[in-house]
Amino acid sequence: MHDQGGRRMARRKLERDTQPELVTYSDQEPSAFASMLGGLIEANVRGNPAKLGDFERLVARVGIFVTDIDEGVTLDFKGGRLVVHNGLEPARTITIRAEAETVMNLSNLKIGPLGMPVYFDQVGRGVALKLLRGRLKIDGLIPNVMTVNAVTRVFSVQ
Amino acid sequence: MMPVKAFSDEWASAFKDEVNRSATYKSAAKGWKWTVGLVVEAEPDKNFPESRGIVMDLFDGEARDIKVGPAADAQKCDFVITAPYSRWKEVATKQLDATRGMLQGKLKLKGDLPTIVRYTKASQEMTECTTRVAVAWPDGN
């Protein structure tokens with residue numbers, strides 16, 4: 001008797017193993033924060049063709065520093081590949097500095113028409129208010145608004 | 001309120017009541033349909049000699065059941081959060097914020113990340129609920 005279930009499982013495993021590697025880590029032991037952001041972006045991109053499109057176009061070095069745990073990562077987007085570094089690496093395009101809760105809220109921003117993050121719902125208003133009050137800082141925002149929007153789309157779980 | 005023994009059946013029941021009393025949780029967890037397991041790792045020197053598992057059957061803003069049992073049961077859930085006893089005590093006594101704890105790797109999370117991130121507010125409120133249960137800790141308060 002053929003074990004069709006087993007064969008299906010094997011095929012699924014093979015498909016998973018042959019999927020291109022989208023996210024890699026530069027450090028032998030990625031920090032919990034690095035693993036979480038890398039894992040989140042990978043799951044987002046693999047699960048959503050629009051996000052995959054953004055990911056394939058995105059070339060930028062993005063720093064994220066969580067002020068209340070004093071920990072940061074650098075997300076080096078290389079047009080279809082992401083290298084995650086523990087800590088802030090030099091030559092970043094943008095750097096986001098915020099508390100842990102705000103970083104989580106950034107990943108909950110809804111994406112509206114034309115791929116713009118929505119700032120008028122409850123989560124969006126909270127993020128905008130943090131930005132206005134200086135509790136969320138984005139270095140390099142003005143010359144890189146489009147990059148910030150693309151990063152937000154890739155990062156958002158909504 | 002009389003304190004209940006940490007991670008006992010009485011604690012599970014009091015925790016479930018707190019979750020179901022929370023209007024914030026009810027609205028933030030709308031659409032949630034996965035089981036959550038909390039693994040509390042043993043720390044014999046803290047008078048917590050055996051690991052325990054808390055299995056939470058959460059559905060659409062309601063805690064249908066919360067049970068304490070072997071750690072292996074909790075590890076079978078859709079989402080599993082693991083930490084040693086003293087870390088959970090820090091969370092329940094508001095010395096450690098659960099979101100920060102996860103980002104720092106003090107609480108280890110297993111499960112679909114986008115889903116758990118989508119329900120950040122619900123998980124924060126659930127943590128708040130644990131802080132509202134009066135607990136008698138095995139290593140003293």
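Before reading on, note that the structure itself is shown above.
So, here's what we can say about the structure. The structure displayed is predicted, hence computed values, not measured ones.

### Some points on the overall build of chain A
Regarding its fold elements, chain A presents 6 helices and 6 strands. Listing each helix as α and each strand as β along chain A from the N terminus yields α-β-α-α-β-β-β-β-α-α-β-α. Counting the 158 residues in chain A, one finds 34% classified as buried. Taking the intrachain contacts of chain A between residues at least 6 apart in sequence as the baseline, contacts between residues at least 24 apart amount to 61%.

### A look at the pairing of strand β2 (residues 35–41) of chain B
Residue and element names in this part refer to chain B. Counting buried residues along β2, 5 of its 7 residues qualify, which places the element largely inside the surrounding structure. Where β2 and strand β3 (residues 52–59) come together, 6 bridges link them in antiparallel fashion. Counterpart to T35 in the pairing with β3 is D57.

### Details of the interface of chain A and chain B
Accessible area lost upon the coming together of the parts is a frequently used measure of interface size. With 18 residues of chain A at the contact, the number on the chain B side is 11 residues. Sorting the residues of the side of chain A that touches chain B by element identifies α2 (32–47) and α4 (100–106) of chain A as the ones contributing at least two each. Sorting elements by how many residues they give to the side of chain A that touches chain B places α2(A) first, with 7 residues. Tallied by class, residues from the side of chain A that touches chain B come to 10 nonpolar, 5 polar and 3 charged.

What counts and how
- Residues numbered from 1 in each chain as written.
- Chains lettered and ligands numbered in written order.
- Predicted model: local features only at pLDDT ≥ 70, side-chain atom pairs only at ≥ 80, totals over all residues.
- Helix = DSSP H or I, 4+ residues; strand = E, 2+ residues; numbered from the N terminus.
- Buried ≥ 20, exposed ≤ 12 C-beta atoms within 10 Å, placed from the backbone.
- Contact = placed C-beta atoms within 7 Å.
- Pairing = 2+ DSSP bridges.
- Nonpolar A, V, L, I, M, F, W, Y, C, P; charged D, E, K, R; others polar.

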